[in-house]
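A closer look at the structure
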Amino acid sequence: MNIPYKLFKLSLKVLRPPRLRLRLSLPSVPSWLIFVFILVSYILVISGIIYDVIVGPPAMGTTIDPLTQTLKPVAFAQGRINAQYVIEGLSVGFFYALGTAGIILLDVSSKSALLKDYKVSCWILAILLLLGFYRMMIVFVRIKLPGYLEFYYQ
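Residues numbered from 1 in each chain as written. Predicted model: local features only at pLDDT ≥ 70, side-chain atom pairs only at ≥ 80, totals over all residues. Heavy atoms only, no water.

**Overview of the overall build of the chain**
Regarding its fold elements, the chain presents five helices and two strands. Written out in order from the N terminus, the α and β elements of the chain read α-α-α-β-β-α-α. Its C-alpha atoms give the chain a radius of gyration of 26 Å, more than 25% over the compact-globule value 15 Å for 154 residues. The C-alpha extent of the chain, read off along each of the three principal axes, is 85 × 50 × 40 Å. When burial is assessed residue by residue, the chain has 20% of its 154 residues classed as buried. In the chain, the proportion of contacts linking residues at least 24 apart, taken out of those at least 6 apart, comes to 57%. Measuring between centres, the 15 positive side-chain charges of the chain sit 27 Å from its 6 negative side-chain charges. (Helix = DSSP H or I, 4+ residues; strand = E, 2+ residues; numbered from the N terminus. Rg over C-alpha atoms; globule rule 2.2 N^0.38 Å. Buried < 20%, exposed > 50% of the residue type's maximum accessible area, 1.4 Å probe, protein only. Contact = heavy atoms within 4.5 Å. Lys, Arg positive; Asp, Glu negative; His and termini not counted. Charge placed at Lys NZ, Arg CZ, Asp CG, Glu CD.)

This is the structure:
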């Protein structure tokens, strides 16, 4: 045994912690409100709200159209992996929330109290949400990094 552990055990023999019976009367918060708060916080953090506050990027960018030589708006900072526009972050956060909803639906459908029809509809919706989320993330990566994984997704 080491010396700090022996000193700790000795202090517990000498000192006695007080018996406190504190009662806190906290207001009851509905569980759905806590869930909504956590989900909105999750969406904002995934969207890069901290980056947006610190760096202050524009909502959208512009690029010159090679054919007409006019400015056209773009939502993705193409080719810049360490930069993002506000719209880009919010759209990615929205699709991450859809993927999260798919996982939550899979969890809900695993409960045995649901009817079989509801379970099957939850499974179908969850799989559609997860496949849509995955496909959109592939699309976003291909927009953000042109030519990345081109040999893999043809």
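**Side note on the UniProt feature "transmembrane region" (unreviewed entry) in the chain**
On the UniProt side, "transmembrane region" (unreviewed entry) is annotated at positions that read residues 29-51, 85-108 and 120-143 here. Secondary structure content for residues 29-51 is 87% helix and 0% strand, and the end C-alpha separation is 31 Å. Its end C-alpha atoms 35 Å apart, residues 85-108 is made of 96% helix and 0% strand. (UniProt positions renumbered as here; feature names shortened; annotations may be inferred.)

**Quick word on the side chain of Asp52**
By secondary structure assignment, the location of Asp52 is in helix H3 (residues 49-55). Dropping the residues within four chain positions of it, Asp52 is found in contact with Ser47, Pro57, Gln84 and Val86.

**What about the pairing of strand S2 (residues 71-74)?**
With four bridges connecting them, strand S1 (residues 61-64) and S2 associate as antiparallel partners. Paired with Ile64 across the bridge in S2 is Leu71. Taking the residues that link successive antiparallel strands as the turn, the S1-S2 hairpin has six residues, and the phi of Gln69 there is positive, at about 60 degrees. (Pairing = 2+ DSSP bridges.)

**Examining unusual backbone geometry**
Of note in this structure, Gln69 is not a glycine but carries a positive phi near 60 degrees. Relative to the helices and strands, Gln69 is located in the loop between S1 and S2.

**Points about helix H2 (residues 31-47)**
Taking 1.5 Å per residue as the helical rise, H2 with its 17 residues ought to reach 24 Å, and the 24 Å between its terminal C-alpha atoms agrees with that figure. In the segment just after H2, Gly48 is the residue with positive phi, at about 90 degrees. (Expected span 1.5 Å × (residues − 1).)

**Some thoughts on the packing of helix H4 (residues 86-109) against helix H5 (residues 116-144)**
Packing of H4 against H5 leaves a shortest axis separation of 8 Å and a crossing angle of 155 degrees. One finds that H4 runs roughly antiparallel with respect to H5. Crossing of H4 over H5 shows left-handed handedness. By residue class, the composition of the contact of H4 with H5 is 18 nonpolar, four polar and three charged. (Axes fitted to C-alpha atoms, helices over the stretch in contact; angles between N-to-C directions. Parallel < 35°, antiparallel > 145°, perpendicular 65-115°, else oblique. Left-handed = near helix turned anticlockwise from the far one by under 90°. Nonpolar A, V, L, I, M, F, W, Y, C, P; charged D, E, K, R; others polar.)

**Let's talk about the environment of Leu7**
Locating Leu7 in the fold gives a position in helix H1 (residues 3-14). Given a relative accessible area of 54%, Leu7 falls into the exposed group.

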